[in-house]
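# Understanding the architecture of this molecule
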Amino acid sequence: MHIVAALGGNALLRRGEHPDAAVQQQHVHDAARSLAELVLAGHEVVITHGNGPQVGLLAAESEADPALAAPYPLDVVGAETQGMIGTLLARELGSRLPGRAVAALITHTEVDPHDPALGRPDKFVGGHLTDRQARLMEAERGWTTARDGDRLRRTVPSPRPVAITEMPAIRALLATGTVVIAAGGGGIPVVRDPDTGRVRGVEAVVDKDLTAALLAELLDADALLILTDVTHVFTRFGAAHPGPITDVTPDGLRELDLPAGSMRPKAEAAAAFAETAGRVAVIGPLDDALGALLGTTGTTVRPRLPGPAAPGPAARPPAPRTAV
């Protein structure tokens, strides 16, 4: 099978952890075991990953560096994180897949220059800030911030992906049997001049799950795996007895009340791929990618539920309020 596997930000850095290189290397070590199982089972795999904490860290360092006349723009910082995370994944996968080529490809994602999201900073990047730190960054650096749980984080624009510039290179690498790491962090956001064809970076980040869904569609993938730190999408999440969802349609997934800063983009990407491509997407645990593909864990999003008794959209009862 042809599979696109999208790693959540927890693949490298979990909430509350210090962003040291050794911490991130250990998480990549653990994630590579799960991803290598897919390849060893005979599947063709393209891997993408998040970069929110790393983009925020490097952007803050750049803005605080007195040696710079101006901080590096977000598209350049995104490229730096693609290189860092890509090399960590490529090393670990290479050691687990001897004799198999692994390549990390710097990837640009085209966005619409008229996308209204470019004027609406609502995507979280970087670590948590105290109220005082947030106010200081807003005053000194022009940041916008929003509350993520009980702390504040920086927010930046996040336009929708419309094309992936390096698709010919990705296809060429896959044709040679290479395991490809591409479109990290959603890809480096660029807009294309319609007259010259030249591209330029924009001050934004692209949601990695939406880019993963686009990548899976363009590659005609058999499945999209969105791997994160939960085993399923749950109803009644946080209650004494949360209910795991094992199978759901795109419409059923969209009816759930999911947090905008965490599970909602994953659900939107999974639903879009299942709907557009007519194939399955799975939201499942990072440490069991093969189990998610086989259906032994995770929430499988299907174009339609199996069996004649599956309720249609009009007959399905309203879904309970849900959080993940």
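Residues numbered from 1 in each chain as written. Predicted model: local features only at pLDDT ≥ 70, side-chain atom pairs only at ≥ 80, totals over all residues. Heavy atoms only, no water.

## What about the pairing of strand E12 (residues 223-228)?
- Taking burial as the measure, the six residues of E12 include six buried ones, the bulk of the element.
- Here five bridges tie strand E1 (residues 2-7) to E12, and the two strands are oriented parallel to one another. Paired with isoleucine 3 across the strands is alanine 223, a residue of E12.
- Pairing geometry for E12 and strand E16 (residues 280-285), over six bridges, is parallel. (Buried < 20%, exposed > 50% of the residue type's maximum accessible area, 1.4 Å probe, protein only. Helix = DSSP H or I, 4+ residues; strand = E, 2+ residues; numbered from the N terminus. Pairing = 2+ DSSP bridges.)

## A few points about the nonpolar core
- Residues Val4, Ile170, Leu215, Leu219, Leu224 and Leu253 are the most contacted members of the largest nonpolar core, which totals 36 residues.
- Looking at this core, the elements with two or more residues in it are E1, helix H5 (167-175), helix H6 (208-218), E12, helix H8 (263-277) and E16.
- With seven residues, the single largest contributor to this core is H8.
- Leaving out residues up to four positions away in the same chain, isoleucine 170 has contacts with Leu105, Ile164, Val180, Ala182, Leu215 and Leu219.
- If you look at the next biggest cluster of nonpolar residues, it comprises 28 residues, including Leu12, Ala36, Ala289 and Leu293. (Core = buried A, V, L, I, M, F, W, Y, C linked by side-chain atoms within 4.5 Å. Contact = heavy atoms within 4.5 Å.)

## Considering the sheet that holds E1
- As summarised here, the arrangement of the eight strands in space is E3-E9-E2-E1-E12-E16-E17-E15, forming an open sheet in which the pairing is mixed. Single-partner strands in this sheet number two, and they are strand E3 (102-104) and strand E15 (247-248).
- Running at roughly 145 degrees to strand E2 (residues 44-49), helix H3 (residues 74-96) makes contact with E1, E2, E3 and strand E9 (179-181) of the sheet.
- The strands touched by H6 within the sheet are E1, E2 and E12, with E1 carrying the most contacts at an inclination of about 175 degrees. (Axes fitted to C-alpha atoms, helices over the stretch in contact; angles between N-to-C directions.)

## Remarks on the environment of proline 159
- Examined against the element boundaries, proline 159 turns out to sit in the loop between strand E7 (151-156) and strand E8 (161-164).
- Residues proline 159 and alanine 175, 16 residues apart in the sequence, show an inter-C-alpha distance of 31 Å.
- Proline 159 has contacts with Val111, Asp115, Ala117, Leu118, Ala204, Val205 and Val206, leaving out every residue within four places of it along the chain.

## Comments concerning unusual backbone geometry
- Not every positive phi belongs to a glycine, and alanine 183 is a case in point at roughly 55 degrees.
- Mapping alanine 183 onto the fold places it in the loop between E9 and strand E10 (188-192).
- The class of alanine 183 is buried, set by a relative accessible area of 1%.
- Positive phi, normally seen in glycine, also occurs at aspartate 220, with a value near 55 degrees.
- Looking at the element boundaries, aspartate 220 is found in the loop between H6 and E12.
- In this structure aspartate 220 comes out as partly exposed when scored by relative accessible area, which is 45%.

## Digging into the confidence of the model for the protein
- For the protein, the average pLDDT comes to 87, and 91% of its residues sit at 70 or higher.
- The lowest-confidence element of the protein is strand E5 (residues 123-129), averaging 81 in pLDDT; the highest-confidence one is E9, averaging 98.
- Considering only residues more than four positions removed or in separate chains, one finds that residues 309-324, a stretch of pLDDT under 50, has 31 contacts. (pLDDT = per-residue confidence, 0-100.)

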